[in-house]
Amino acid sequence: MGGADVSERKITLRVNGRTHEVSLPGHRTLLEALRDLGHTDVKNGCEKGDCGACTVLLNGRAVNSCLVLAWQADGATIVTNSGLGTADDPHPIQTAFADAGAVQCGFCTPGLVLSAKALLDANPNPTEAEIREAISGNLCRCTGYSQIVEAVRLAAVRSLKGSGEASHRGQSATDGSHSPSGSRVTGEVQ
Amino acid sequence: MTLPKFDLLQPSTLGEALEILSTTQNAQPIAGGTALLVEMRGRKAEPGVLVDLGRLGDLHGVAPAANELVIGATTTIAELLKNPHVTERASILRDACSTFASPLVRNRATIGGNVAQGSPAGDMAPALLVLDASIELRSVRGKRLVRAVDFWKGPRKTTRKSDEMVVSIRIPLSQTPWLSSWKKLGLRKADAISVASAAVRLSLTADGKCEGARVAVGAVAPTPLRLAKSENALVGKPISREAIAQAAAAAAASSVPINDVRASVDYRRRVVEVLVRRALMEAAWEVLT
């Protein structure tokens, strides 16, 4: 067995609640498979695990899909940014990104939203340091991160208020729901 | 850049995987793929066959025994970071995991992969050196345990033969309470490869005498290094700023770094002294102040 003749195999990918059966050779990445299926919200950035643009949730864990072989994801549950919500029916994290002005060119946004989702699922009330740590694998070359950190904090605060819990840890965030557009989180986030 | 073509085999038992490695030319195990796939994209590695370890459940997880912690090779860095046995019994390994790449990489990268890749800058190595860990290798020929200090042979060279697989990392547990500290310098705070790193463990008596010292550094030599000269500057003496300064100077003297895109020889030698000093100061802080 050499590397010359590579054979295809049929695998099952469950993406955003839909089941796909795809045939592909073993050297194709999950990133390539997802984009070929039309999930172009999964961005192809560096293909080295440095930038996080291709982030997906693989069985609930945020990973770089460029460093997962598609066969390794056979049978797995995958969530992409558009699996969280759409323009008509956005996820609260996506709304918070828009409200905080955390989107400029937008290329990093799908990955950042998913890293934020993984963080908030595990830790609904993160500190600023925990937010910065959680998004440290996602590069943004536009915003300078301040608004992104604010957006994650805003999503957390809104969710905690919605579930009736008060927040005491993140002193920097206010809801800002009284200002419909561009609501700002005030405080010491830099 | 797309990956070069290869065959991907996904055995469901360890025996099957070892059989493939023993009978197949140019085959390479793959677990998380966070290092190997990057090397392959850059055509720095071109295995014709990859053997995916992801379906071998018995290589996965942390098993505490009476006198050792057995860590399966495919345990991810993220799992180690959250594991209570690692936090309690091998806290320096947890500390090294906390600065490892990014959360995205930590969810895929495995301890066995980081050890087997053999990068001089691999962040598991200094911690495993000061823990005096052993690496368990298996092949169809049998198994052998290699002490961490004997495992790395050069940049991306290890004692692992092509038919062997790293199956576990074994960390001896002692009754001695060790104080430890891990210091890593990267070009930025997160998601960075080490420019230099230092791991230290100290065993101090109540009156501050150093009974045991282990010092290891990364990214300043062709392999991760355990530094006997630094340790000898500490053991048997009362811990002091002077002894720590001597140990740190010995670390710089023992380093044989390279110039690369991340740092120069001179910078690495200067900075490893600082890292070792800071690590020792931190570990001994309560006794020194």
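Our subject is the structure listed above.
Residues numbered from 1 in each chain as written. Chains lettered and ligands numbered in written order. Predicted model: local features only at pLDDT ≥ 70, side-chain atom pairs only at ≥ 80, totals over all residues. Heavy atoms only, no water.

What exactly am I supposed to notice about the sheet that holds strand S13 (residues 210-218) of chain B here?
To summarise the sheet geometry, strands pair through backbone hydrogen bonds and adopt either a parallel or an antiparallel arrangement. Residue and element names in this part refer to chain B. A sheet is described by the order of its strands in space; here four strands give the open sequence S11-S12-S13-S14, paired in antiparallel fashion. What marks the edges here is a single partner per strand, and that holds for strand S11 (179-185) and strand S14 (225-226). As paired strands, S11 and strand S12 (residues 196-204) are joined by seven bridges and run antiparallel to one another. Bridge assignment links serine 180 to a residue of S12, and that residue is arginine 201. (Pairing = 2+ DSSP bridges. Helix = DSSP H or I, 4+ residues; strand = E, 2+ residues; numbered from the N terminus.)

Would you explain the pattern of salt bridges in this entry?
If the charged atoms of two oppositely charged side chains come close together, the side chains can form a pair. All names here are of chain B. Counted by the stated rule, this structure contains 23 salt bridges over all chains. Between arginine 170 and glutamate 68 there is a salt bridge; the shortest N-O distance is 2.8 Å. On the criterion of sequence distance, the pair formed by arginine 170 in strand S10 (residues 165-172) and glutamate 68 in strand S5 (residues 68-72) is long-range, its members being 102 residues apart. In this structure, aspartate 95 and arginine 94 form a salt bridge, with 3.7 Å as the shortest nitrogen-oxygen distance. For arginine 94, a relative accessible area of 27% translates into the label partly exposed. (Salt bridge = Lys/Arg side-chain N within 4 Å of Asp/Glu carboxyl O. Buried < 20%, exposed > 50% of the residue type's maximum accessible area, 1.4 Å probe, protein only.)

Looking at this model, I keep getting lost on the packing of aromatic side chains. Mind explaining?
We describe a pair of aromatic rings using the distance from one ring centre to the other and the angle between the two ring planes. Residues and elements named next belong to chain B. In total, this model carries one aromatic pair over all chains according to the counting rule given. For the pair phenylalanine 151 and tryptophan 152, a centre-to-centre distance of 5.5 Å together with 85° between the ring planes defines the contact as edge-to-face. Judged by relative accessible area, phenylalanine 151 falls into the buried class, the value being 0%. The class of tryptophan 152 is buried, set by a relative accessible area of 7%. (Phe/Tyr/Trp six-rings, centres within 6.5 Å; stacked < 30°, edge-to-face > 60°.)

Any chance you could explain the environment of B:Pro11 here in plain terms?
Residues and elements named next belong to chain B. Along the chain, proline 11 falls in the loop between strand S1 (7-9) and helix H1 (14-23). Spatially, the C-alpha atoms of proline 11 and alanine 248 are 47 Å apart, while their sequence positions differ by 237 residues. If near-sequence neighbours (up to four positions away) are discounted, proline 11 is found in contact with Glu16, Ala17, Ile20, Val51, Asp52, Arg55 and Leu56. (Contact = heavy atoms within 4.5 Å.)

Mind showing me how you'd approach helix H4 (residues 109-122) of chain A here?
Note that an α-helix has 3.6 residues per turn; residues three or four places apart therefore point the same way. Residue and element names in this part refer to chain A. Along its 14 residues, H4 runs 20 Å from first to last C-alpha, staying within 8% of the 20 Å computed at 1.5 Å per residue. The buried fraction of H4 amounts to 11 of the 14 residues, a majority that puts the element mostly inside the structure. Along H4, the positions that sit buried rather than exposed are Thr109, Pro110, Gly111, Leu112, Val113, Leu114, Ser115, Ala116, Lys117, Leu119 and Leu120. (Expected span 1.5 Å × (residues − 1).)

Mind showing me how you'd approach the sheet that holds strand S2 (residues 18-25) of chain A here?
All names here are of chain A. With mixed pairing, the five strands of this open sheet are ordered in space as S2-S1-S5-S3-S4. In the strand order of this sheet, the two ends are held by S2 and strand S4 (61-64), each with one partner. For this sheet the average axis-to-axis angle between neighbouring strands, irrespective of direction, equals 40°. Against the sheet, H4 touches strand S3 (55-58), S4 and strand S5 (77-79), its axis set at about 35° to S3. (Axes fitted to C-alpha atoms, helices over the stretch in contact; angles between N-to-C directions.)

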